[in-house]
Each structure stands twice: as C-alpha cells, then as structure tokens.
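Observations on the model geometry
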Amino acid sequence: MNKLIRDKIWLFRLSVKKDPEAFGKVYDEYVNRIYRFIYFKVSSSEEAQDIASETFLRAWQYIQEGKPIKQLSAFLYSIARNLVIDHYRRRMLSLNAEEAETAGLFSDKGDLKNKVETNRDFSSLLIAMKKMKEEYREIVQLKYLDELSVGEIAEILGKTKGAVRVTLHRASKTLREICDQGKK
Amino acid sequence: MKNLLKQFAALSKSELGTPKKEWVNEFRSTLMMGVKNTVAHSEPRSFAFSKNIFDLATFIFPKEQLRLATRTATVLTLVLGIVFSGSITTVSAALNSIPGDFLYPLKLMTEGAQVRLASGDTEKAELHVEFASRRIQEVVKINEEESLNNKARTAVAVKGFKQEMVTVNQYMEQSEPEQAAAIAKMVDAKSVENEQILNTVEKTIFDTESRGVVTEAKTVAENTGIKAVEVIVVTHTTTSSTVTSAEVKNTVTSKINDIEKRVEQLSELMSATSTPINTSEAKTAIGEARALNLSGDFSSALSKIKESTELVRAVAALTVTVSLYTGNTTTPAVIIISNSSTPTSAKVQAQSLEQNTGTLFQIQSIGDRVDESSTTPRIILP
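In this text the structure is predicted, and so the values were computed from the model without any measurement.

1. Looking at unusual backbone geometry
Negative phi characterises most residues that are not glycine, and trans characterises most peptide bonds. One non-glycine residue with positive phi stands out, namely Glu147(A), at about 55 degrees. Note that Glu147(A) resides in the loop between helix H8 (134-145) and helix H9 (150-157).

2. Some points on the nonpolar core
Of all hydrophobic cores here, the largest spans 68 residues; its most connected members are Phe23(A), Ile38(A), Phe56(A), Leu76(A) and Leu175(A). Looking at this core element by element, the count peaks at 11 residues for helix H2 (residues 20-39) of chain A. Those residues in contact with Ile38(A) that lie beyond four places of it in its chain are Ala48(A), Ile51(A), Ala52(A), Thr55(A), Ala80(A) and Val84(A). Counting 49 residues, the second-largest nonpolar core is a separate cluster that includes Ile98(B), Val129(B), Val213(B) and Val229(B).

3. Some remarks on the packing of aromatic side chains
Per the counting criterion, the structure on display carries 10 aromatic pairs over all chains. Their ring planes at 50 degrees and their centres at 5.8 Å tell us that Tyr27(A) and Phe27(B) sit as a pair that is tilted. In this pair, Tyr27(A) sits in helix H2 while Phe27(B) sits in helix H2 (residues 21-40), so the two residues belong to two different chains. Just as Tyr27(A) is buried, Phe27(B) falls in that class too.

4. Concerning helix H12 (residues 280-295) of chain B
All names here are of chain B. With 16 residues, H12 should cover 22 Å at 1.5 Å per step; its first-to-last C-alpha distance of 23 Å lies within 8% of that length. For H12, every residue scored as buried is listed here: Ala282, Ala285, Ile286, Ala289 and Asn293. One face of H12 carries all of its buried residues, which in axial projection span an arc of 100 degrees. Structural note: H12 exposes Glu281, Leu294 and Ser295 on the side pointing more than 90 degrees away from its buried face. In the segment just after H12, glycine 296 is the residue with positive phi, at about 90 degrees.

5. Here we look at the pattern of salt bridges
Scanning the model with the defined rule gives 32 salt bridges over all chains in all. Residue Arg6(A) pairs with Asp7(A) through a salt bridge whose shortest N-O separation is 3.0 Å. Given the relative accessible area of 4%, Asp7(A) is considered buried. One salt bridge in this structure joins Glu307(B) and Lys304(B), with 3.1 Å as the shortest N-O distance.

Parameters at a glance
Numbers given for residues are sequential positions, taken from 1 along each chain in its written order. Here chains are named by letter from A upward and ligands by number from 1 upward, in the order in which they appear as written. At least 70 in pLDDT is required for a residue's local features to be given in this predicted model, at least 80 for side-chain atom pairs to be given and counted, and no such filter applies to totals for whole chains, interfaces and linings, which use all residues. No hydrogens and no water enter the side-chain calculation; it runs on all heavy atoms of the structure. Secondary structure elements are defined from DSSP: runs of H or I of at least 4 residues count as helices, runs of E of at least 2 residues count as strands, and each element is numbered from the N terminus. Nine residue types can take part in a nonpolar core, namely buried Ala, Val, Leu, Ile, Met, Phe, Trp, Tyr and Cys, and a core is a set of them joined through side-chain atoms within 4.5 Å. The buried label goes to any residue with under 20% of its type's maximum accessible area, the exposed label to any with over 50%, and the partly exposed label to all in between, with areas taken from a 1.4 Å probe on protein chains only. Contacts between residues were defined by any pair of non-hydrogen atoms, one from each residue, lying within 4.5 Å. Two aromatic rings, drawn from Phe, Tyr or Trp (for Trp, its six-membered ring), form a pair once their centres lie within 6.5 Å of each other, and the interplanar angle then sorts them: stacked below 30 degrees, edge-to-face above 60, tilted otherwise. In this scheme, a helix's expected span is set at 1.5 Å multiplied by one less than its residue total. Each direction from the helix axis to a C-beta atom contributes to the arc, which is the arc of those directions. Here, a salt bridge means any side-chain nitrogen of Lys or Arg that lies within 4 Å of a carboxyl oxygen of Asp or Glu.

This is a description of form; function is not addressed.
Structural data, given as structure tokens:
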C-alpha cells in the first residue's frame, strides 16, 4: 500500500473516528524507526527508550486535542527531534561541558568504534557519517536510512523544500567525497 | 553512491539502532491501555455511511485531484477488481505514481485502456492532452525529490510527454476541421500552463542532462501550442462558421502576449547580468504580428509568431539563466547560475551580477562547504 495513503487512513481513523487500534498500528509501523532516529543522537538505549516513549505519548496527546496533522511521519519525527533537543538542553544545564558532549553514536566519545568493528557491511558508511557535520548527517539519515521524502524532511526540519534539496545535494556530495577519500 | 545506498540498506536491516523487543512490546501494552482509557471517556462520534466515505475520500484525495481522479479511477477500479480487491488505496497509489514506482506501468496501462474506451477523436485527443499534463506533473514530483534515479525517471516522464504531444499533433492534423479546431482549442489552453510549469522546474534542476531534457520538453510544448494556433487559423480560413474571427483574434493575441512576456523576462535577465544580447529583432517581429492580427491577416500574423518564437529561442540559448533560490528565513538569498557555455563564462556573469546589483556575493561551486551562519548572499556556479 502507498505509504502516504496508509498514513492518511490512519490519521482519519485517529482524528475523526478516535480509533485506538489505529494508534496501535501507527506505533507498530513507526516505533523502530523513531527509536533508531533518536538512538543515533543520544548516548544510550535507555535514553532512546525514554525519548521514544515520550514521543508516542505526546503524539497521542496532540491527536486527542484535535490538532491538525499534515503528515504522520513528519509529525512523529518532529516530536522526537524536539524531545532530543530538549534533552540536550537539560543535560547542558545539569552537567559540565565535557560530560554534556558525550552524546550520540557519532560524537567523539560515542561507541562508534565497537559498532564499526562488528558491522563490516556498513563500516565505511558509519565512519564517513562520523566525519560529517550534524546537519548533513541528519539529513542523509532521514533521506537514505529512514527513506523520507523531501517534503517530509522539510516539515521535520522546519525548512522549505528547496532548502532541503540543496542541503541534501551538498550532504550527499560530502558523504561521497569522504567515502572516496577513505578508499584511497 | 550505489555502494553507499547498499550500506544504508544494510544498516537499515541490521541490529544497530533496533530497540529491544521486550521494551517495544511492554511499552505498547502500557501505551494502548492509556489510549483506550482516554477514548472510553470521550463521547463516541457516529456518522452516516456516505458522509463517512466522503470524509475518508477528502482525507486521501486533495481536492484538485478528486476531479482528475474520477475517470481514471473508474477504469482503474475495473482493472484492479480483477487483480486486487479494487481498494481505494491501490487506486490512489497508482494514480499518484511516477516513473520508477511499482504501480507506474499500471497507471500507463489504465490510460491506454481509457483511450480505447473513449468514443470519437475529440474525446481521445482530450485524454492525450490530459495525460501529457500528467507527465509534466510527474517531472515536477520527480524533481522535488533528491534521488539517484532522477535523471532516468525525468527522461521517462519527458519521453512520455513527447509521445502524447506527437499523438495530439496527429489528431490535429488528421481530424475533420470541426474536430481539429476543438482539439486545437484544448491544446492551446493547456500549452501555456505546461510551458510555465516546465520553465519553473527547469530552474530547479541541478543536473545538466536532466535540465537539457526538460528544455527539450519545453520546446515540444511550445511547438504544439503554435501548431494549435495554426490549426485554429487554418480552420477559420476554410470554414469560418466553426471558428469565428473573434476567436482567432483572441487566440493569436494570447500567443503574442505569451511570447512578449518571455522577451520581457529575458530583457530583465540581461539587465541584471549585463549580457550583451539583442532582442530588438524579436520585438520587431512581435510588433508586426500584433499589427497583422489586428488587421485580420491571421495567416501572416502566425508566420510572424513563428519567426519571433525562433528569435526568442536563439536569444534564450545564449543568455545565462539566473534562478533565485531562497532558503528558510534565516538564510540569505542564494542565486544559482546555470548556462550552456563554459564555467568561466558563468563566473564572468556572476561578477557582472555583482557589479550591476551593487551587492557583494560569495561565489562558490555547487557542493562547496558553506558557513551557514554567514549572512553574505551567495551565487552558486554550475
């Protein structure tokens, strides 16, 4: 089934028919992706679980309040992204600068080395992603790993489609260049 | 990039970043208990069946698509009734598909079936005009996505568009005068819209080859538009009852206005980039076309329209195309310059632009790393 149509049917069942089973299906479809999106940005699986849980709870609250949702996937990713940002802000306040930097798989203190050694199939990709700036890394993840459309990414990042296309073009080029350099 | 995509696919299937099943299931139970509790305490809503379906339809189909979808949807439902369950979701997925999508061949097959089911040349031609527009919408959709396959997909959509235009041209040439005129009026109405859409898309395509393909499509759209005017003029000459003088005059006037608008746009472009290109010949031909149209000499006016179109094309080919792109509100304007000549020429034009606008730009190539916190407007060279 076309993803867009499926999401629209679920949104219809959620907002008009208030069907709880539809929310269960949304959870089943999106939980792994939302978790992974968060996991790459935070230090641990426990933190990723907490934020992912909060994401779905907030999503349900929003739906209950009858607020309009344009695109289901962009809606969920936006909530997750904003929660991660809030999470970092709280960390900055409660920890010292060095401790606060320990965040995310691709940070200096992240557990990337272990992942690279145990995952040969995509080791060069992980190494290249570590070398990219966060903005580029996030956008290639959303596009090529989460397989979101430019429109969805634009809504998640709060940018125009044109801006996303240009950033994605640059990010993809950067990723290719880093990988090519790594092969030499 | 293919190797990278394979790695992304492998990463997607791997355990890395996958949540523990226990947590997924446990949290689901907790979540659903809370969700059901919330719903149990809210008032149930009930709808009449037909209103329910209408609500669903308006959720799924954007309004402008509903009208277009109707005829094709009917045929698709018949086709899919045999193969699938004929579900509304598969119908819509096929209607919305673009080259490269799994259901795209089904979309094309359905269009073919619609033509076979249509009665009469006028109805068939109308369908081909509609399908040509769809191919252009597909080009727009393809280029809204930054994807590896854009080049190939754009080429498929444009090829489809050209084929529809060839067929439409054949109908205009081979039908009886009354039918030919009716078809030509449909084509004339659509051709300007198609050209404008292709013009907009052309400016947003980074890849040179794809841009060239879209430019070709623009030329085909233009030529078909002029052909339509020609058929209307010729039909009036042979049977003035089918097409009145007033109708011809209006059609020719519209076409002249379109060409004049293009010349104005090129002139604005030239003054921004100080490109030394002469549009006076094109302007003269346009003036002559207008005078001939006013005097009722429509055939000669048409010749002048063709002449001015060729002149404008020649000018456009030499001119640097400057497209203005603006990112989000915190990013300054970025101008992307593309042309068919050398990168050095593009750089010279960029420097001209700086001088003419009195603005200092940061000149760079596509793909260069950029300091996004900078407020200096940028020019991106091909």
